[in-house]
Amino acid sequence: MTYAITQTCCNDATCVAVCPVNCIHPTPEEPDFGTTEMLYIDPKSCIDCGACADACPVDAIFPADRLTGRLREYEAINAQYFADRTPPPAKASPTFHTWGEPAFRRSLPSDFAPLRIAVVGTGPAGMYAAEDLLLHTNAEVTLIDRLPVAGGLIRYGVAPDHPATKGAGETLARFHAHPRVKLRLGVEIGRDVTVEELAAHHDAVIYAVGAPADRRLGIPGEDLPGSVSATSVVSWYNAHPETGPDAVDPSAGRVVVVGNGNVALDVARVLVMDPGSLAATDIADHALAALRGTRVREVVLLGRRGPGHAAYTSSELLALKHLPGVELLVDDRDPRTGEAIDTAAPGDKAALLRDVPRETVDWTREPAPDRHRIVLRFHSAPVEAVGTERVRAVRVTEDGSPTATEIEAGLLVRAIGYRGVRLAGLPFDEATGTVPHEAGRVSGLPGGYVVGWIKRGPTGGIGANRACAEETVGTLLADAVAGALPSPAGTPQAFRKLVRSRSTGLVDARGLAAIDRAERARGRDAGRPRVKLATVPELVAAARAGRWRHLV
């Protein structure tokens, strides 16, 4: 029996580090690492020890002979990766593992005074950086977030029906209570504290502020009511406190989503799936109520290119194929689509659609009231959102064709990518939406560093941030040893006093723990894992009330 990695793989390589026989690839030392959709276990090398399954932070690894339902395909997917690859041979050793020379790239001399480092952003990028610092050095870390609750993209970006993926957040959250960590939530850089003030109280500052903005389509009618970004939809169903309960109206029978990446698939899946299934998740109460009242019957996903170049990962498409009560369909009106699917080689993305029904859809007809489906339409792009008071249709065209088709729809969602935004006090590249840097070191800002999407652009999933953080932390520590970090003038006590005087909703570690207890208690009452508090006042009130009860 061997093990297999399945859909929820986070790609952070925790499993690679514990494997005694080097059977999980690509490893961080191999060229393919960070470019594959997931990691894979070589069935010929696996010795069935289970170490990888125990270490996996997102419960993605199972014995292959115990895979059931939609997960059965992953035994073949893991094996397929090694069909034309030969893993590097293992040297003779007690554990059969290929060990390199010891390397301590992220460490400080034993007599080095503890560094005071601020990490701005508590999503996966910031938390991987904090983890690296706490595990490899004696640094004191201040975690800062503009929201009064930690988690970032894991809390507010992962779809509610992917609870295993949220497990990575639980793993990283253990550092919130670390003895060398101070939590300063509800503090916005640029509003409450400037970049200069932050630097004056710390040896170094790592910015992990992500890419919160969305990319626009640039078509007529894009600003009509009923035209929203995928960012707004994801925030809406995840109870983001800056997105109101009325931000999305899911009452339309048909929805058009522009884009076919994983976020687009998330939006399509949540809008069309059975609300009863979502009732067992941490979806926002207002979103669950809206979906129960008016369930979307059809979602159309538009992709500019063909099925072989779709932006979604194979694992997310496979999950869509097995969504209970929802039909997956390929719009067959463009002959290039069917040809690409029929001629695709095994393992290609297009080949995954070979058993999916195809149909030339009549877009002038209303979706059937008793039929729920997701339609993949390739070689197609939007040219106009049609309507006066709100969106009533979307005009789309084929790739390279002057003709256009009008798809009747009451909601248009743009899901064509994210973009970083300028943070006052930091340099910014408008073309890439990132902060200019050298291996994570902010250009022209001694003591300033970046990690995550604001560093490399909006690419890569949760696990990609581990390697990204390792590079940045390595650069920071090298600068520290070289004496290149500026000396802070302020003390930790002075910074604490500063943020308390500036932030009206400051939350510390005890307050965060109180929020967690409150949400879990609400969840127990409703038979759900948690019910999120959906506004800043609710979050701050729960933090203060719970903290007071704890002290009493």
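These notes cover the structure that comes with them. (Residues numbered from 1 in each chain as written. Predicted model: local features only at pLDDT ≥ 70, side-chain atom pairs only at ≥ 80, totals over all residues. Heavy atoms only, no water.)

**Regarding the sheet that holds strand β12 (residues 298-302)**
Our working rule: Strand pairing follows a simple DSSP-based rule, namely that at least 2 bridges must link the two strands. Think of it this way: any DSSP run of H or I at least four residues long counts as a helix, any run of E at least two long counts as a strand, and we number them from the N terminus. Only heavy atoms enter the contact rule, under which two residues are in contact if any of them lie within 4.5 Å. The axes used here are C-alpha line fits, helices contributing only the stretch in contact, and every angle between their N-to-C directions lies in the interval 0 to 180 degrees.
Taken in spatial order, the seven strands line up as β10-β19-β11-β12-β15-β13-β14 in an open sheet, and their pairing is parallel. In this open sheet, the two edge strands, each paired with only one partner strand, are β10 (227-229) and β14 (358-359). Across four bridges, strand β13 (residues 327-331) lies against strand β15 (residues 373-377) in parallel orientation. The residue of β15 that forms the bridge with Glu327 is Arg373. Across the sheet, helix α8 (residues 230-237) touches β10 and β19 (411-414), and the angle it forms with β10 is around 75°.

**Remarks on α8**
Test applied: Between buried and exposed lies partly exposed: a residue is buried under 20% and exposed over 50% of the maximum accessible area for its type, with that area taken using a 1.4 Å probe on protein chains only.
Most of α8 is tucked away, with seven of its eight residues classed as buried. For α8, the complete set of buried residues consists of Ala230, Thr231, Val233, Val234, Ser235, Trp236 and Tyr237.

**What to know about the pattern of salt bridges**
Spelled out, the test is: Only one rule defines a salt bridge in this text: a Lys or Arg side-chain nitrogen within 4 Å of an Asp or Glu carboxyl oxygen.
Inspection of every chain in the model, using the stated rule, returns 43 salt bridges. A salt bridge links Arg297 to Glu366, with the nearest nitrogen and oxygen atoms 4.0 Å apart. Taken together, the positions of Arg297 in the loop between α11 (285-293) and β12 and Glu366 in the loop between β14 and β15 put the pair 69 residues apart, joining distant regions of the chain. Looking at Glu366, the relative accessible area reads 56%, which means it is exposed. One salt bridge connects Asp479 with Arg441, and the closest N-O pair in it is separated by 2.8 Å. Separated by 38 residues along the polypeptide, Asp479 in helix α15 (residues 464-481) and Arg441 in strand β22 (residues 441-442) bring together distant segments of the chain. For Asp479, a relative accessible area of 10% translates into the label buried.

**Focus: the environment of Arg269**
Tracing the chain through its elements places Arg269 in helix α9 (residues 262-272). What makes Arg269 buried here is its relative accessible area of 2%. A C-alpha to C-alpha distance of 11 Å links Arg269 and Arg297, two positions 28 residues apart in sequence. Arg269 has contacts with Ala159, Asp161, His162, Glu316, Leu320, Leu323 and Ile374, leaving out every residue within four places of it along the chain.

**Quick word on the environment of Thr36**
Within the secondary structure, Thr36 sits in the loop between β2 (24-25) and β3 (40-41). Expressed as a C-alpha distance, the spacing of Thr36 and Phe112, which sit 76 residues apart in the sequence, is 39 Å. Contact partners of Thr36, with chain neighbours within four places excluded, come to Asn11, Pro26 and Tyr81.

**Observations concerning the pairing of β15**
A regular strand carries its side chains on alternate faces of the sheet. Counting buried positions over the five residues of β15 gives five, a clear majority of the element. Residue alternation in β15 divides its side chains into two sets, Arg373, Val375 and Arg377 and Ile374 and Leu376, and both sets are buried. Relative to β15, β12 runs parallel, the two being bridged by five bridges. Bridged to Glu298 within β15 is Arg373.

**Quick look at the sheet that holds strand β17 (residues 393-398)**
Strand order across the open sheet formed by three strands is β16-β17-β18, with antiparallel pairing between neighbours. Where the open sheet ends on each side, the last strands, each with one partner, are β16 (380-386) and β18 (404-408). Neighbour-to-neighbour, the strand axes of the sheet open up by a mean angle of 30°, direction not taken into account. With five bridges connecting them, β17 and β18 associate as antiparallel partners. Paired with Arg395 across the strands is Glu406, a residue of β18.

**Re the side chain of Thr337**
Mapped onto the secondary structure, Thr337 falls in helix α13 (residues 335-343). Look at Thr337 and you get buried, because its relative accessible area is 0%. Setting aside residues no more than four positions away along its own chain, Thr337 makes contact with Pro307, Val330, Asp331, Phe378 and His379.

**Concerning the environment of Arg500**
By the secondary structure assignment, Arg500 is in helix α16 (residues 492-502). Sequence-wise, Arg500 and Val187 are 313 residues apart; in three dimensions their C-alpha atoms are separated by 9.2 Å.

**Re the state of the cysteines**
Defined as follows: Criterion for a disulfide: a pair of cysteine sulfur atoms within 2.5 Å.
Within the structure shown, the criterion is met by zero disulfides. The structure places no disulfide on Cys15, whose sulfur is separated from the nearest cysteine sulfur, that of Cys9, by 6.4 Å. Here Cys468 stays unpaired: no disulfide links it, and the sulfur of Cys10, its closest cysteine neighbor, is 15 Å away.

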